[in-house]
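# Fold and contact review
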Amino acid sequence: MNLVVYILRRLAISIPILFVGSFLVFCMVAAAGDPLGELRTQPGVSQESINQLSQQLGLDKGIVPRYFDWLGGFLTGDWGISIAQGSNMQPVFPKIMSAFEVTIQLILAAEIIALLLGVAVGVLAAVKQYSPIDYIATTMAFIFFSMPIFCVAIVLKMYGIDLNLMINDLGWDSWLGNPFLKTTSPESLSGDGFFDSIIGYIGGLLLPTLSIMFISFAAYSRFQRSSMLETMNMDYVRTAQAKGISQGRVIMRHAFRNALIPVTTLFSVNFVTVVTGAIITERVFAWNGMGSVLVEAVNKNDPNTLMGWIVVIAVAVVVANLIADLVYGILDPRIRVG
Amino acid sequence: MEAGAESGRDKNTGGSGAEALPEARSQGTMVLRKFLRHKLAMGSVVVLALIILASIILPLFYPHSYADASFSSYVEPSGEHPLGTTQVGKDMMAQVLRGTQFSLLIAITVAFLTTIVGVVLGALAGYLRGFADSAISRLTDLFLIVPSIAAAAIMVRVFDGSWYVVALVLAMFAWMPIARITRAEAMSLSQREFIEAARASGAGTGRVVFKHLVPNMVGTITVNATLAVAQAVLAEAALSFIGLGVQLPDTSLGLVISDNYEQMQGRPWLFFGAFTVLVLISLTINFIGDGLRDAFDPRQRGVKA
C-alpha cells in the first residue's frame, strides 16, 4: 500500500517536470529556425502549399497557443506531421513508434545482459578482492568505461566482418546464414522455422547489443564491486560470519541483497547514457532506430518529429526511474515506511 | 562525516593551530604524497602530459598543415605520412593532432563550466535547504530527463558548430551529477560544528558556503571535475560522431573518426590513430581521477595492501 502511494508521489513530481521540460524544449525547437526555410527556396513549391503547410505546423500562431495545440494533439495520439521528406508528409506518431521499438529492443537486451553480468562479476571481484579475477575484471571495466561507445561498435563491426569470412571459409554459412553476423541493418530478424529464427535473432542483434552491453557492464561491475566491498565490511556481515553461517550463505543472504541497492540507482542514472549509446550504435550498424530519426530531424529542422522524439525519450527516462524506485523499494524495506 | 574528523587527528597536522590554512596545506601535501605514490595514476599523468604536449608542440614542427589537401588520395602510411592520407588528400596525422587539441580544449572547458555550475548550485541547495533546495532539485530533475544528445544537437544547429558552442551546450547538460553529489555532501557538512560556528560569528550565506563549505569539499570536487573531463571527451566525440557536434573548420577526434571510420576494413590506420588517442585520453583521465579519489580518501591511509 505504501509502495503505491510512493509511486504515485513520484509520478506526481514527474508530470509537472515533463510539462515544463516539454515547453522549454518546444521553445528551443521553435528557436531553431524556420522549418520551411529549405522548402521556400525550392523552385517547384507553390506559395499556396507553403502557406498550407505553415498553417498545419501552426507557424502562424504564437508560441504558447502553438505549444498547447501540440500538447493536445500529443496526448490524443496525433503528434503532427513530419516535414523531413519535403512535401511528402508523414505522420510523426507511427514513425517514432517504429523507431522506438527498434531502439528499445536493443537497449533491453543489452541492459539485461549487462546487469546480470555486471552484478555477477562485481560480486565475484569483491569476494575475491586483489585476486587475479579482481584485477582482470577491474582492468576490463576501466577500459570499457573509458571507450567511446562508437569505437566499441566500430571495432566489433570490423571483427564481425572478419568472423563472417571465417565462418564462410569453414563452410558453416550453410546453417548459420551468410552473413551470420549482420553488420548492417537486418531486413528481418526471424527466419523460416524455429532454429533459423533463433540464428537470425542472434546474428542480427549480437553485435549492436554487445556494443551497448560492454559500456553498461563496465559501470555496473565497478559499482557492484565497491558496493559489495562496503557491505562485506559491515558489522552485520561479521556477526553472521561469527555465528558460523557458511561463507556462501553470508555472501548471498546477508551481503549480496544489501549490496544490490546502490546498483538500482545506477540503473536510472545510466539509462540516458544507454539511450545515447544505442543511438550511436545504430548509426554504426545502419539500423533505422531513434538515432537515424534524430539525425534526420535535426538536419531537416523537423519540429514535430523532434518534439515527439524528445518527449518519448523523456517519458522513457521517467519510466526507467520509476522501475528503479520500485526495485529499490522491494530491496530496501526502510524506503517503504513513511 | 566521520572520515573528515579522523583526518583532523592525523599526526601530520599535529601541533597546528585551529586556523583553516595550515590544516588545508598539510592535507594538500598528504594528498599529493599519496597521489605521487599511486603508480597507475602517475603513469597516466605522464602519458596524458605527453599527449597534450605532442598535440601542442608537434604541429609546430610537423611539415604538413591540417588544411593542406594537395596530397594524393589514400596514400598508405610512410615516413612522409605516418598515418596515411584521407580520401580528399589531407594528411591524417595532422588531422589527429588538431583533433586532439580541439577535443581537449572542449573537454576542459566543459569540465570547468560544469564544475562551477554544479558546485555552486549543489552547495547552495544543500546548505540553504527549504525552497532553494526544492527549486534547484527540480531544476536538476528537469535537465536530467531532457535527452541531452537531442537538446545539444538542436542548440548546436541554432548557433553553429564551433568548438565553444559545443562546449557550452555540452556543459549545459552535464552539470547535474556534480550538483547532486555536492548537494549531498553540503547537506551533511552543514550539520557540523564549524559551519554552525561560522554562522554564529555572523558570516553570511555567501561566506559560509564559499569560504567554509566548498573548501571542505575540495576532494569530492577535484575528483568529480577530473572525471567530468573524461566524460566530456566521450560526450563530445559521440555528438560529433553522429555529425551533430563540431563542424568544420573546427574539428575534434570524434569528427576525425566519423569522417574516416568507413575505411577501417581496408585502411585501419585511418581509424586507429584517432581512436587510440581518444581512448588514451579518456583512460588516463579516469585513472588519474581514481588515483585522486584514493589520495583524498582519509579511510585509505596506507592500511590496505
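Basis of the calculations
- Along each chain, the written sequence defines residue order, and numbers are assigned to residues from 1.
- Following the order in which they are written, the chains are lettered starting with A and the ligands numbered starting with 1.
- This being a predicted model, a pLDDT of at least 70 is required before a residue's local features are given, and a value of 80 or more before pairs of side-chain atoms are given or counted; all residues contribute to the totals for chains, interfaces and linings.
- To get the side-chain values, all heavy atoms of the structure are used, and hydrogens and water are removed first.
- Working definition: helices are DSSP H or I runs of at least four residues, strands are E runs of at least two. Numbering for both runs from the N terminus.
- A 1.4 Å probe rolled over the protein chains alone gives each residue an accessible area, and that area as a share of the maximum for its type sets the label: buried under 20%, exposed over 50%, partly exposed in between.
- Two residues form a contact once any of their heavy atoms are found within 4.5 Å.
- Only the protein chains shown count as covering a residue, and every accessible area follows the Shrake-Rupley method with a 1.4 Å probe.
- By definition, the buried area sums, over both parts, the 1.4 Å-probe accessible area that each loses when the two are put together.
- Between Lys or Arg on one side and Asp or Glu on the other, a salt bridge is scored when a side-chain nitrogen of the former is within 4 Å of a carboxyl oxygen of the latter.
- Any N or O atom pair separated by 3.5 Å or less is treated as a polar contact, with the protein-specific requirement of one donor-capable and one acceptor-capable atom, and with residues adjacent in sequence counted only for side-chain atom pairs.
- Expected span, for any helix, means 1.5 Å times one less than how many residues it has.
- Note on aromatic pairs: the rings of Phe, Tyr and Trp (six-membered ring only in Trp) are paired at centre separations within 6.5 Å, and the planes decide the class, stacked below 30 degrees, edge-to-face beyond 60, tilted for the rest.
- Placement of a charge over a ring requires the Lys NZ or Arg CZ to be within 6 Å of the ring centre, with the centre-to-atom vector within 35 degrees of the ring normal.
- Throughout, an axis means a line fitted to C-alpha atoms (over the contacting stretch in the case of helices), and angles, computed between N-to-C directions, take values from 0 to 180 degrees.
- Here the word oblique covers every angle except those under 35 degrees (roughly parallel), over 145 (roughly antiparallel) and from 65 to 115 (roughly perpendicular).
- Left-handed describes a crossing whose near helix is turned anticlockwise from the far helix by less than a right angle; the clockwise case is right-handed.
- By the convention adopted, Pro, Cys, Tyr, Trp, Phe, Met, Ile, Leu, Val and Ala count as nonpolar, Lys, Arg, Asp and Glu as charged, and the other residues, Gly among them, as polar.
- What we call a nonpolar core is a set of buried Ala, Val, Leu, Ile, Met, Phe, Trp, Tyr and Cys residues that are connected through their side-chain atoms within 4.5 Å.
- For every residue, the predictor assigns a confidence score, pLDDT, that lies between 0 and 100.

### Remarks on the overall build of chain B
If you tally the helices and strands in chain B, you get 13 helices and zero strands. For chain B, the succession of helices and strands along the chain, N to C, is α-α-α-α-α-α-α-α-α-α-α-α-α. Looking at chain B residue by residue over its 305 residues, the buried ones come to 50%. When contacts within chain B are restricted to residue pairs at least 6 apart in sequence, those whose partners lie at least 24 apart make up 68%. Carbon and sulfur atoms make up 63% of the accessible area of chain B, which totals about 14400 Å².

### Re the overall build of chain A
In terms of helices and strands, chain A carries 13 helices and two strands. Counting over 338 residues, chain A shows a buried share of 49%. In chain A, 72% of the contacts between residues at least 6 apart in sequence involve partners at least 24 apart. Looking at chain A as shown, the accessible area adds up to about 16400 Å², and 65% of this sits on carbon and sulfur atoms.

### Regarding the interface of chain B and chain A
Accessible area lost during the coming together of the parts is what is often quoted as the interface size. On the chain A side, the residues contacting the 38 residues of chain B number 45 residues. Between chain B and chain A the total buried area reaches about 3800 Å² when both faces are included, carbon and sulfur atoms providing 80% of it. Broken down residue by residue, the surface that chain B buries against chain A is led by Ile145, Ile154 and Arg157 of chain B, which jointly contribute 17%. Applying the counting rule to chain B against chain A returns one salt bridge. Residue Asp290 of chain B is joined to Arg222 of chain A by a salt bridge in which the shortest nitrogen-to-oxygen separation is 3.7 Å.

### Remarks on the side chain of Thr103 of chain A
All names here are of chain A. Secondary-structure assignment places Thr103 in helix α5 (residues 92-127). At a separation of 2.5 Å, a polar atom in the side chain of Thr103 contacts the side chain of Glu282. In contact with Thr103, other than residues within four places in its own chain, are Ala278, Glu282, Gly289 and Met290.

### What to know about helix α5 (residues 130-145) of chain B
Taking 1.5 Å per residue, 16 residues should reach 22 Å; α5 of chain B reaches 23 Å between its end C-alpha atoms and fits that length. Of all the residues in α5 of chain B, the buried ones are Asp133, Ile136, Ser137, Thr140, Asp141, Leu142, Phe143 and Ile145 of chain B.

### Focus on the packing of aromatic side chains
Residue and element names in this part refer to chain A. Under the counting rule described, the total for this entry stands at 13 aromatic pairs over all chains. Aromatic ring contacts, followed pair by pair, group Phe19, Phe23, Phe26, Tyr67 and Phe68 into a single cluster. In this structure, Arg222 packs its charged tip against the face of Phe145, placed 5.9 Å from the ring centre.

### Comments concerning the packing of helix α3 (residues 39-61) of chain B against helix α4 (residues 92-128) of chain B
All names here are of chain B. At their nearest, the axes of α3 and α4 sit 9 Å apart, and the two run at 125 degrees to each other. With respect to α4, the axis of α3 lies oblique. Handedness of the α3/α4 crossing: left-handed. Packed against α3, whose contacting residues are Ile51, Ile52, Ala54, Ser55, Ile56, Leu58 and Pro59, the element α4 presents Leu97, Thr100, Gln101 and Leu104 at the interface. Of the residues contributing to the contact of α3 with α4, the split by class is eight nonpolar, three polar and no charged.

### Examining the nonpolar core
Judged by nonpolar contacts, the single largest core of 170 residues is most densely connected at Phe150, Ile154, Met228 and Trp309 of chain A together with Phe241, Ile257 and Ile281 of chain B. Counting residues per element, this core draws most heavily on helix α11 (residues 247-284) of chain A, at 16 residues. Here Trp309 of chain A is in contact with Ile96, Ile279, Met290, Val293 and Leu294 of chain A together with Pro147, Ile149 and Ala150 of chain B, once residues within four sequence places are set aside.

### Digging into the pattern of salt bridges
The tally for this structure, following the rule as stated, stands at nine salt bridges over all chains. Taking the shortest distance from any N to any O, the salt bridge between Arg238 of chain A and Asp235 of chain A comes out at 3.5 Å. Here Arg238 of chain A and its partner Asp235 of chain A are both found in helix α10 (residues 235-242), three residues apart, which amounts to about one turn of the helix. For Arg238 of chain A, a relative accessible area of 49% puts it in the partly exposed group. Between Arg138 of chain B and Asp141 of chain B there is a salt bridge, with its nearest N and O atoms 3.3 Å apart. Separated by three residues within a single helix, Arg138 of chain B and Asp141 of chain B lie in helix α5, roughly one turn from each other. Linked by salt bridges that have partners in common, Lys95, Glu296 and Asp302 of chain A make up one network.

### Examining the packing of α4 of chain B against helix α8 (residues 176-189) of chain B
All names here are of chain B. With their axes 7 Å apart at the nearest point, α4 and α8 run at an angle of 35 degrees to one another. The crossing of α4 and α8 is right-handed. Touching Thr114, Thr115, Gly118, Val119, Gly122, Ala123, Ala125, Gly126 and Tyr127 of α4 are Ile178, Ala179, Thr182, Arg183, Ala186 and Met187, all from α8. Among the residues making up the contact of α4 with α8, the classes are represented as eight nonpolar, six polar and one charged.

### Regarding the environment of Phe287 of chain B
Its location among the elements puts Phe287 of chain B in helix α13 (residues 269-296). As for Phe287 of chain B and Leu168 of chain B, which are separated by 119 residues in sequence, their C-alpha atoms are 26 Å apart. Ignoring sequence-local partners within four residues, the contact set of Phe287 of chain B consists of Phe142 of chain A together with Leu40, Ala41 and Ser44 of chain B.

### What about the environment of Asp259 of chain B?
Tracing the backbone through its elements, the reader meets Asp259 of chain B in helix α12 (residues 253-260). For Asp259 of chain B and Arg98 of chain B, which are 161 residues apart along the polypeptide, the C-alpha to C-alpha distance reads 14 Å.

### Some thoughts on the confidence of the model for chain B
All names here are of chain B. On average, residues of chain B carry a pLDDT of 80, and 89% of them reach 70 or more. Taken element by element, chain B is modelled with least confidence in helix α1 (residues 2-8), mean pLDDT 41, and with most confidence in α4, mean pLDDT 89. At the level of chain-chain contacts, confidence expressed as ipTM amounts to 0.79, with global pTM at 0.81.

### Looking at unusual backbone geometry
Even without glycine at this site, Tyr130 of chain A takes up a positive phi of about 65 degrees. With respect to the secondary-structure elements, Tyr130 of chain A resides in the loop between α5 and α6 (132-146). Even without a glycine there, the phi angle at Arg129 of chain B is positive, about 55 degrees. Looking at the element boundaries, Arg129 of chain B is found in the loop between α4 and α5. By relative accessible area, Arg129 of chain B is classed as partly exposed at 33%.

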